[in-house]
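Descriptive structure summary
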Amino acid sequence: MRIDSPLLRAVAAVTFLALVGPALADGLAPGHTAPVATPTAAVGVTAGEPAAATLEPPGLAGRVTALEDGLSLMRRLAFWSVTALGLLLTFIGIFGYQTIKGWLRSVLAKRIDEIVGGAVHESLPRMLKEAQSRAESHVLKTAEILALRTYGAYDEALAEYRWDGSVARLRDKSPIERRAIIECLYSAKRSRADNRIAAWKAIEELLEDDKSVETLRLFLRLAVTCRHYPDGLAFIEKNWDLVGADRDCALRASTLLRKLGRHHEALQISLPLLHSGDLTARVSVAALQRDLGRLDDVHDLLLPDVTRLLATPPPDLPEGWFRLVNTYVANCIDRGRPGDAVGAAAFELRHSHGSVEVHTAGRLIMALPSSDPHRAELLSTFRSSVDNLLPSEEATTRCRVILHRLDAEPAKALSLLAEAIAATPVEPGHPMPSDIYFHRCNLAQMLVEMGRPGDAIDELMPAAEHKYGGEAKFLLAVAHAAQGQGAEAARWLRRAIEELPKWAVHARDHLALRAVPEIQNELSKHAAEQGRALAVTP
C-alpha cells in the first residue's frame, strides 16, 4: 500500500489533530492574545537595544519544542498506524475473502430468486395454460386423424395433417402418428403413385426408430402390397424368430414368401398357427396348398368352417370370413366340382360387396352346367351385385366381362377388355398393373375359345414376363398347343409350373393339353420333382 494513499492521508490527519490539537487549543484559549511585535513602542525596550529581543514573544521556544515533539510522535504513530492498517487489510484479504464471497453470492442468489420468482409467479399460469392448450389441440388433431383413417377417409386424414409430401416432417412424431399417416398415404385415392412411394420411404425410416410389433406388421404389409419383395425377404431372413413369434407378422411373411414362389418356406412359417384355431391362419395355409396343387387337402381343411358358417351365420361375421368362403369357392372350381360351392357362392353374393368375391361367384356360375337348378337364381343375384360395384375397383371390369359372356354377348366382352387395356398403356421397363395383366389373360382365353390362338398369343406376350401367378404362361401353353406346337407349349407350361405348381393340375385336367405328348412328358418330370421335394420337406 502506498504511503501517500488517500486512506493513509486521512489517518495521519486524524492523528495530528489528536496530538497537536490540545497544544493549539492552549495557545488560542480565551485570555491569551497573540503578541504583536512593533518596531518601536515595545514596553521596557530602550532605543539602541537589539530589535530581536523585542520581537521574541514570551514562552515561544517552549511551544516550538512541544510542536516538534508532537510532530515526531505523529510520524511514529502514522508509521505504526499504516503498519497496523496493512496488517488488518492483509488479515481481511486472507480470512475474509470467502466470507465476503459467500455474502455476495447469498445476496445475489436472493435477489435472483426474487426476480425469477416474481417472473414465474406472473408467467407460470399463462405458460401452463398455453402448454395445456397446445397439448389438447395436438391430441384432438391426432384423434381426428386416427378416426378418419379408421373410417377409410384417408385423403381427408392427410388434408387434416396438412401433408405436403415431406417424409422428414414425420420424424419427430410418435410411432402411432407415423403409422397412421403411412397407412393413409398407402390407401389414399389421390396422388396414389407419389403417396405410395412416400409411404414406403416413411415405413423404412420408422423401422429404424421403432421395432414394435405394430411397426413390423405394417412394414411387412407394405412390402407385400407395394411389391418390395426383396426388402421384405431380407427383413424376414434376418428376423425369422421375431416374425414367427407374432401371428400377423407370420401371416404377412407367409404371403410375401408365397409371392416369391417359396411356398414350402411359407408353409413352414404358417403351419404352426393352425394349432391356435386361427381362421385366418387356416385360410392362409389353404391358399398355399392350393398354389401347390393340393386341392383335396384344401377342401378338407376349409369344409368344416364353411359348413358351420353357412348353417348358423353369426350376427357379426368372423374376421376373414370372406377369404374363407372365396378360397373355398375358387378351390371347388379348380377341382371341377362347382356344384359343391353353390351355397357358399350365394352366401358370398348376399354378404359381400367386394368385386373380388363377386368375380369368384361369377366364375362359379360360368362353370355350372346350364341344367343346374340353382344357376338362374345365382345369375340374378350376380347381376344385381355387378350393378352395385364401384367402377374404380380392379375386378369390376372382369365381373362385367363375365356378365356379357353369361348373356351370350362375346363381342361386348372383347370390346370392354380391349378398351380397358388401351386405356392404361404400360411403358417399357415398368411393371404391368395387375388388372391389365388379368385383362389380357381374359381376352386371350376368349380368343382361344373362339379359335383365334394366334391373336391370343399376341395379347399374352406383353404379360408373359410379369409374375402374377403364371396364368399368362399357362394360357400361352394352351394357345401353342391349339396351334400344334407341342414343344413350345411344354416350354411355357414348365415356366408356369415354376411360378405356381398348381398349373400342373390344371394341365392334367385340360383336354387339349392332355393330348400333347410333350405336355405329358413335362407333367411326368414335374411329378418326379415334386415327389423328391416332398420327401425332403419337413
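Residue positions are given per chain, counted from 1 along the sequence in the order it is written. Side-chain atom pairs in this predicted model are given and counted only at pLDDT of 80 or more, local residue features only at pLDDT of at least 70, and totals for whole chains, interfaces and linings cover all residues. Only hydrogens and water are set aside when side-chain values are computed; all heavy atoms of the structure are taken into account.

Remarks on the packing of aromatic side chains
- Working definition: rings of Phe, Tyr and Trp (its six-membered ring) pair if their centres are within 6.5 Å, and the pair is stacked with planes under 30 degrees apart, edge-to-face with planes over 60 apart, and tilted otherwise. On inspection of all chains with the given rule, the structure shows eight aromatic pairs.
- Site record: aromatic cluster; members linked through ring pairs are Trp 200, Phe 219 and Phe 235.
- Any Lys NZ or Arg CZ found within 6 Å of a ring centre and within 35 degrees of that ring's normal is scored as a charge over the ring. Cation over ring: Lys 502 sits above Trp 503, and NZ or CZ is 5.2 Å from the ring centre.

What to know about the nonpolar core
- By convention a nonpolar core is built from buried Ala, Val, Leu, Ile, Met, Phe, Trp, Tyr and Cys residues, the set being connected through side-chain atoms within 4.5 Å. Using a 1.4 Å probe on the protein chains alone, a residue whose accessible area is under 20% of its type maximum counts as buried, one over 50% counts as exposed, and one in between counts as partly exposed. By size, the foremost hydrophobic cluster in this structure holds 47 residues, and its most contacted members are Trp 163, Ile 181, Ile 182, Ile 203 and Leu 222.
- Starting at the N terminus, helices and strands are each numbered in turn, a helix being any DSSP run of H or I of at least four residues and a strand any DSSP run of E of at least two. Elements represented by at least two residues in this core include exactly helix H5 (154–161), helix H6 (175–187), helix H7 (192–209), helix H8 (213–225), helix H9 (229–238), helix H11 (247–259), helix H12 (263–270) and helix H13 (279–291).
- Ranked by size, the runner-up nonpolar core spans 42 residues in total, among them Phe 438, Ala 456, Ala 464 and Ala 490.

Some thoughts on unusual backbone geometry
- The residue Ser 191 is not glycine, and still its phi comes out positive at about 50°.
- If you trace the backbone, Ser 191 turns up in the loop between H6 and H7.

A closer look at the pattern of salt bridges
- Each reported salt bridge corresponds to a side-chain nitrogen of Lys or Arg within 4 Å of a carboxyl oxygen of Asp or Glu. Going through the model one piece at a time under the given rule, you end up with 27 salt bridges.
- Between Asp 305 and Arg 282 there is a salt bridge, and its shortest N-O distance comes to 2.7 Å. On the criterion of sequence distance, the pair formed by Asp 305 in helix H14 (residues 295–311) and Arg 282 in helix H13 is long-range, its members being 23 residues apart. An identical accessibility class is assigned to Asp 305 and Arg 282; each is buried.
- Measuring nitrogen to oxygen at the nearest pair gives 2.5 Å for the salt bridge that ties Arg 494 to Glu 522. On the criterion of sequence distance, the pair formed by Arg 494 in helix H24 (residues 486–499) and Glu 522 in helix H27 (residues 517–536) is long-range, its members being 28 residues apart. Comparing Arg 494 with Glu 522, the two get one shared label, buried.
- One network of salt bridges, with partners in common, ties together Arg 217, Asp 246, Arg 247, Asp 248 and Asp 278.

Some remarks on the packing of H11 against H13
- Each axis is a line fitted through C-alpha atoms, taken for helices only over the stretch in contact, and angles between the N-to-C directions span 0 to 180 degrees. Here H11 crosses H13 at 15°, and the two axes come no closer than 11 Å. On the basis of their axis angle, the class for H11 and H13 is roughly parallel. At the point where H11 passes H13, the crossing takes the left-handed sense. Along the contact surface, H11 presents Arg 247, Leu 251, Ser 254 and Arg 258, while H13 presents Thr 280, Ala 281, Ser 284, Ala 287, Leu 288 and Asp 291.
- Residue type decides the class: Asp, Glu, Lys and Arg count as charged, Ala, Val, Leu, Ile, Met, Phe, Trp, Tyr, Cys and Pro as nonpolar, and the leftover types, Gly among them, as polar. Looking at the contact of H11 with H13 residue by residue, the classes come out as four nonpolar, three polar and three charged. Orientation is classified from the angle alone, with under 35 degrees giving roughly parallel, over 145 giving roughly antiparallel, 65 to 115 giving roughly perpendicular, and any other angle giving oblique. Handedness of a crossing follows from how the near helix is turned relative to the far one, being left-handed for an anticlockwise turn of less than a right angle and right-handed for a clockwise one. Here, residues are in contact when the closest pair of their heavy atoms is within 4.5 Å.

Looking at the side chain of Asn 195
- Relative to the assigned elements, Asn 195 resides in helix H7.
- The contacts of Asn 195, once residues within four sequence positions are left out, are Leu 158, Trp 163, Leu 185, Ala 188 and Arg 190.

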